[in-house]
Amino acid sequence: MLVVAEEEEEEEEEGSCCSEEGEDSSNVYLYYTLGERWIDYLQRTGDGGLLRHLRPKMKRKSENGPDGRALSPGKKLCKGSDYGRTLGPCTPSPTTTFGDLRNAKVGQARRRRIPSVAPPPELQDWLRTFQRWSGPEKLLALDELIDRCEPAQIKYMMQVIEPQFQRDFISLLPKELALYVLSFLEPRDLLRAAQTCRYWRVLAEDNLLWREKCREEGIEEPLHLRKRRLLSPGFMYSPWKFAFLRQHRIDMNWRSGELRPPKVLKGHDDHVITCLQFCGNRIVSGSDDNTLKVWSAVTGECVQTLVGHTGGVWSSQMRDSVVISGSTDRTLKVWNADSGECVHTLYGHTSTVRCMHLHGNRVVSGSRDATLRLWDIETGQCLHVLMGHVAAVRCVQYDGNKVVSGAYDYTVKVWDPESESCTHTLQGHTNRVYSLQFDGTHIVSGSLDTSIRVWDVESGNCLHTLMGHQSLTSGMELRDNILVSGNADSTVKIWDIKTGQCLQTLQGPSKHQSAVTCLQFSSKFVVTSSDDGTVKLWDLKTGEFVRNLVALESGGSGGVVWRIRASNTKLVCAVGSRNGTEETKLLVLDFDVDLK
């Protein structure tokens, strides 16, 4: 709606400079609204320059002043008063009409907007009469005229008025401020803004702008750190934007892209794949056939078979080209994955090495002999022995400072490895502890008693008991305050460990039909595997099922997905069966995008 308002009247105050009511009004204000948002109107001086911005009250009539207070009759509003907030002296200036503004845009020649209709004979007389009226009289006439217009005529008025007040505020701002404004846009809206005009596209390609968008999404580096390449004359492509768009396409490939036939890596005959590691383009699988195999995730070839254990391999860790394995033969072995050489054999445990955790050059191993040992993998030396559990150690976490272990004696213990002392024994579970997560502050333990407990590592206090699963919690993953747990009851739950609240339960018609065997999650997705022979993709935030990534034909009749490991672009699945219905193998699915 357009409202033309002259300056209102107010009481004469001591020291003010005001004119009498009969004097000619010299300043016209244009108020403009689109929907419910007001646009700053402009007051123009005699030379047509922009004088000030003022946000008016949403008033149609002119009986009140700009601040909403009633004005007394008899005096004109002084331009030097608090109402006016002018930037210059109190000097009158000629009235600027809307026609002046319109003609300044379209050129000096006035164009008739409806050329097919002849002007009514009375039009000029009517306009001259309108011009003779005072400002308040003109407002009253416009008010009455608007009330008598049909909606189509009001729409026409808006179409005439709107273009005169459209301003590209981004182009009017300094570049730094313009980029700051654009930084509040979502990436999708930023891409749309780039289509507005040439200058907006230049701003929308800003490398630092897209770096912040990448950081919000957890993208740590621009694509290949390559030189900025020329898109077209005057435009440089942002490496950070390229990295963001590439990641978006990768995410869409996970979510809905065509599933390309996976690479099939056959090995270990018909034995069970007990442990799986995946880093870079190297995959390491361990089996109860006493061996480990090193695979290329790119070619699918088996590049090394690590032979030396005399019992089944049940635990492993990997960092770069170093592989550590634990076996039923009561030893750990340190391997060079490039050469296949066994660098060290670590003796000391008196039963199966069931779990381990690598940090830097040290690894902590847990055994069915109820002890834990801290080793230096470069020298092969046993540095410390931690004794205190009275049953098999099933899971262990190590952050370089503290060791946390869970055992079949229903307890979780916190250790200072340097002094070989147990600083806390966390009691509360009523059955075996099978899984652990530790972030340096919180310990999360999963048990056969169906509960998950969150502990404070410093005090040893139980902060939360997470109830909801119906069976053994066999696998968990913790990032920040988000915990994802997989259970033998076939469900997966997402928790906030700070509040103890269950955020989502991944179930429904498409849920797993048997025990969850393994899981992994990112900022957007949860990937889960099961004894039912499937690998499923879920939305982390909503808990909704996205789709099956793997569905074995033998699923439900013996086919099992034992382990999964995922990177940003690849998923590795260890599959097989215990009844011969599914051949033991690795499946490698690729979700990367073509960089051309």
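Parameters at a glance
- Residues numbered from 1 in each chain as written.
- Predicted model: local features only at pLDDT ≥ 70, side-chain atom pairs only at ≥ 80, totals over all residues.
- Heavy atoms only, no water.
- Pairing = 2+ DSSP bridges.
- Helix = DSSP H or I, 4+ residues; strand = E, 2+ residues; numbered from the N terminus.
- Axes fitted to C-alpha atoms, helices over the stretch in contact; angles between N-to-C directions.
- Salt bridge = Lys/Arg side-chain N within 4 Å of Asp/Glu carboxyl O.
- Buried < 20%, exposed > 50% of the residue type's maximum accessible area, 1.4 Å probe, protein only.
- Core = buried A, V, L, I, M, F, W, Y, C linked by side-chain atoms within 4.5 Å.
- Contact = heavy atoms within 4.5 Å.
- Arc of directions from axis to C-beta.
- UniProt positions renumbered as here; feature names shortened; annotations may be inferred.
- Patch = residues over 30% accessible without salt bridge, like charges linked within 9 Å, V, L, I, M, F, W, Y side chains within 5 Å.
- Areas by Shrake-Rupley, 256 points an atom, 1.4 Å probe, with all protein chains shown as cover.
- Phe/Tyr/Trp six-rings, centres within 6.5 Å; stacked < 30°, edge-to-face > 60°.
- Lys NZ or Arg CZ within 6 Å of the ring centre and 35° of its normal.

- In the nomenclature of an unreviewed UniProt entry, the protein chain corresponds to F-box/WD repeat-containing protein 7 from the organism Lamprotornis superbus.

Considering the sheet that holds strand E39 (residues 585-590)
Then, number 1: One open sheet holds the four strands; their spatial order is E8-E39-E38-E37, and the pairing between them is antiparallel. Unpaired on one side and paired on the other, strand E8 (263-266) and strand E37 (559-566) mark the two borders of the sheet. The mean inter-strand angle of the sheet, taken between neighbouring strand axes irrespective of direction, is 25 degrees.

Describing the pattern of salt bridges
Then, number 1: Under the counting rule described, the total for this entry stands at 17 salt bridges.
Then, number 2: Glu144 is the partner of Arg148 in a salt bridge, and the nearest nitrogen-oxygen pair spans 2.8 Å. One end of the pair is Arg148 and the other is Glu144, both in helix H3 (residues 135-148) and four residues apart, which spans about a single turn.
Then, number 3: Overall, the relative accessible area of 63% leaves Arg148 in the exposed class.

As for the nonpolar core
Taken as a class, soluble globular proteins show a tendency for nonpolar side chains to be buried jointly.
Then, number 1: If you look at the biggest cluster of nonpolar residues, it comprises 20 residues, and the most contacted ones within it are Ile170, Leu182, Leu190, Leu203 and Cys214.
Then, number 2: Breaking this core down by element, the ones donating at least two residues are helix H6 (175-182), helix H7 (187-193), helix H8 (198-204), helix H9 (207-216) and helix H10 (239-256).
Then, number 3: Per element, the largest residue contribution to this core is four residues, and it comes from H10.
Then, number 4: With near-sequence residues (within four places) excluded, Leu203 lies in contact with Ile170, Lys175, Ala178, Leu179, Leu182 and Leu209.
Then, number 5: If you look at the next biggest cluster of nonpolar residues, it comprises 19 residues, including Cys518, Phe525, Val535 and Leu587.

A short note on the sheet that holds strand E21 (residues 393-398)
Then, number 1: Pairing is antiparallel in the open sheet, where four strands are placed in the order E21-E22-E23-E24. Strands with a single pairing partner mark the edges of an open sheet, and in this sheet they are E21 and strand E24 (421-426). When the angles between neighbouring strand axes are averaged without regard to direction, this sheet yields 20 degrees.
Then, number 2: Pairing geometry for strand E22 (residues 403-407) and strand E23 (residues 412-416), over four bridges, is antiparallel. Looking across to E23, one finds that Val404 is bridged to Val414.

Here we look at unusual backbone geometry
Then, number 1: The phi angle at His268 is positive, at roughly 65 degrees, despite the residue not being glycine.
Then, number 2: Among the secondary structure elements, His268 is positioned in the loop between E8 and strand E9 (273-279).
Then, number 3: Even without being a glycine, Arg330 presents a positive backbone phi close to 75 degrees.
Then, number 4: Its location among the elements puts Arg330 in the loop between strand E14 (322-327) and strand E15 (332-336).

Focus on H6
Then, number 1: All of the buried residues in H6 are Ala178, Leu179 and Leu182. The buried residues of H6 occupy an angular sector of 100 degrees when projected down its axis, which confines them to one face. For H6, exposure combined with an orientation more than 90 degrees from the buried face picks out Glu176 and Tyr180.
Then, number 2: Packing partners of the buried residues in H6 comprise helix H5 (169-172), H7, H8 and H9.

Here we look at the UniProt feature "repeat: WD" (unreviewed entry) in the protein chain
Then, number 1: UniProt's entry tags residues 280-305, 306-345, 346-385, 386-425, 426-465, 466-505 and 509-548 with the feature "repeat: WD" (unreviewed entry), counted in the numbering of this structure.
Then, number 2: Across residues 466-505, helical content stands at 0% and strand content at 60%; the span's end C-alpha atoms are separated by 13 Å.

A short note on the pairing of E14
Then, number 1: Burial analysis of E14 places six of its six residues in the buried class, the great majority of the element.
Then, number 2: Burial along E14 is two-sided: Val322, Ile324 and Gly326 facing one way and Val323, Ser325 and Ser327 facing the other are all buried.
Then, number 3: Relative to E14, strand E13 (residues 313-319) runs antiparallel, the two being bridged by six bridges. Residue pairing across strands places Gln317 opposite Ile324, the latter belonging to E14.
Then, number 4: Hairpin remark: E13 followed by E14, antiparallel, with two residues in the connecting loop; positive phi at Asp320, about 55 degrees.
Then, number 5: When E14 meets E15, the two strands line up antiparallel, connected through five bridges. If you follow Val323 over to E15, its bridge partner there is Trp335.
Then, number 6: Here E14 folds back onto E15, and the loop between the two strands holds four residues, one of which, Arg330, carries a positive phi near 75 degrees.

Topic: the environment of Ala141
Then, number 1: The residue Ala141 is located in helix H3 in this model.
Then, number 2: Placed eleven residues apart in sequence, Ala141 and Phe130 show a C-alpha to C-alpha distance of 8.3 Å.
Then, number 3: Excluding residues that lie within four positions of it along the chain, Ala141 makes contacts with Phe130 and Trp133.

What about a nonpolar patch on the surface?
Then, number 1: Taken together, the side chains of Leu123, Trp126, Leu127 and Leu145 present a nonpolar region at the surface, about 330 Å² in accessible area.
Then, number 2: Considering every element that reaches the nonpolar patch, the biggest residue donor is helix H2 (residues 123-132), with three residues.
Then, number 3: Locating Leu123 in the fold gives a position in helix H2.

What about the packing of aromatic side chains?
Then, number 1: Scanning the model with the defined rule gives seven aromatic pairs in all.
Then, number 2: One aromatic cluster is present, built from ring pairs that chain together Trp126, Phe130 and Trp133.
Then, number 3: Positioned over the ring face of Tyr408 is Arg432, at 4.2 Å from the centre of the ring.

What about the pairing of strand E33 (residues 516-521)?
Then, number 1: For E33, the tally of buried residues reaches six of six residues, placing the bulk of the element in the interior.
Then, number 2: Here E33 runs beside strand E34 (residues 525-530); their pairing, made up of five bridges, is antiparallel. Bridge assignment links Leu519 to a residue of E34, and that residue is Thr528.
Then, number 3: Once E33 ends, the chain turns through three residues before running back antiparallel as E34.

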